[in-house]
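Residue strings, one per chain:
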Amino acid sequence: MRAVILAAGRGSRIRHLGDGRPKCLVELEGKPLIERQIAALRRGGVDEIGVVRGYRAEMIDFPGLSYFANERWAETNMVMSLAAAAPWLRSGPVIVSYADIFYRSELVRGLAGTPGQLVISYDRAWRRLWTRRFADPLADAETFRINAAGQLLEIGGKTTRIEDIEGQYMGLLKFTPPAWSAVEALLSTLEAPIRDRLDVTGLLRRLLTGKELPVGTFGTDGQWGEIDNPEDVALYQNMVREGELLLEDALSGREPTAG
């Protein structure tokens, strides 16, 4: 199994934590996010890891990894960064990870083992975390609905109804070559400015609308996080110290469990 980390963007919302360095190098409990991702991916069964670089690419230099370049990182969004890794996406299954998240190896293993051409991870227990991160969780949370078979029905919309949110997408997903072929076909129909602005959630919405392929899901219950601002870092570090959050490096010596 291969994995690709999308680390081309600058991450302006993290303010002083990101001054002069890519967002994936922001530290949580003394370790950069990308190192946490690499450890979780490898322990989760990934054999080969690639990184899509852009902003300050020279700062992302870890031995044993492969690298792709999004030369237009300042003008494009995440889907164009993903497209930089197209040779891998065309040749076999690939776990794709955002660069501003952390997670544990059991999530990687569960996602990799879930049947489906395109599968995304989501947090069923999202409200526990969102109420800690936001004064009004609904101000940031997006719609997320699945059917009885676990296939995605809706994602990425705004709502005032908690019933419209069955979980939150985590920024960790699995592509297979048929899924990537469907994505490339879709992208070929879009004008360049639209392609350039497209994020992964927007891509998923377009795939659902066009019914190009079913989108499967793999659910988990917490024990992950995304970092959008310095307050997030402080929150997660406090959760670790209070025993509410167990990071991957605290699991060494334990057998991985199902997600």
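Described in the following lines is the structure provided in the data block. As a convention, each chain's residues are numbered from 1 in the sequence order in which they are written. Restriction of local features to residues with pLDDT of at least 70 applies here, the model being predicted, together with a cutoff of 80 or more for giving and counting side-chain atom pairs; totals for whole chains, interfaces and linings are based on all residues. Note that water and hydrogens are dropped before the side-chain values are worked out from all heavy atoms of the structure.

## Considering the pattern of salt bridges
Thought 1: By convention in these notes, a salt bridge is any Lys or Arg side-chain nitrogen within 4 Å of a carboxyl oxygen on Asp or Glu. Using the criterion set out here, one finds 20 salt bridges in the structure.
Thought 2: Here glutamate 48 makes a salt bridge to arginine 2, at a shortest N to O gap of 3.1 Å. Taken together, the positions of glutamate 48 in strand β4 (residues 48-53) and arginine 2 in strand β1 (residues 2-7) put the pair 46 residues apart, joining distant regions of the chain.
Thought 3: Accessibility here uses a 1.4 Å probe with only protein chains present; expressed as a share of the type maximum, an area under 20% marks a residue as buried, one over 50% as exposed, and anything in between as partly exposed. Assessed through its relative accessible area of 25%, arginine 2 is described here as partly exposed.
Thought 4: The shortest N-O distance in the salt bridge between glutamate 58 and arginine 56 comes to 2.6 Å.
Thought 5: Glutamate 58 sits in the exposed class, given a relative accessible area of 54%.
Thought 6: Assessed through its relative accessible area of 34%, arginine 56 is described here as partly exposed.
Thought 7: A network of salt bridges, in which partner residues are shared, links Lys23, Asp100, Arg133, Glu226, Asp228 and Asp232. Helix numbers and strand numbers start at the N terminus; a helix is a DSSP run of H or I with at least 4 residues, a strand a run of E with at least 2.

## A look at helix α4 (residues 105-113)
Thought 1: Of all the residues in α4, the buried ones are Ser105, Glu106, Leu107, Val108, Gly110 and Leu111.
Thought 2: Pairs of residues are marked as contacts when any of their non-hydrogen atoms sit within 4.5 Å. Elements in contact with the buried residues of α4: α1 (33-43), β6 (94-98), β8 (118-123), β11 (168-175) and β12 (216-220).

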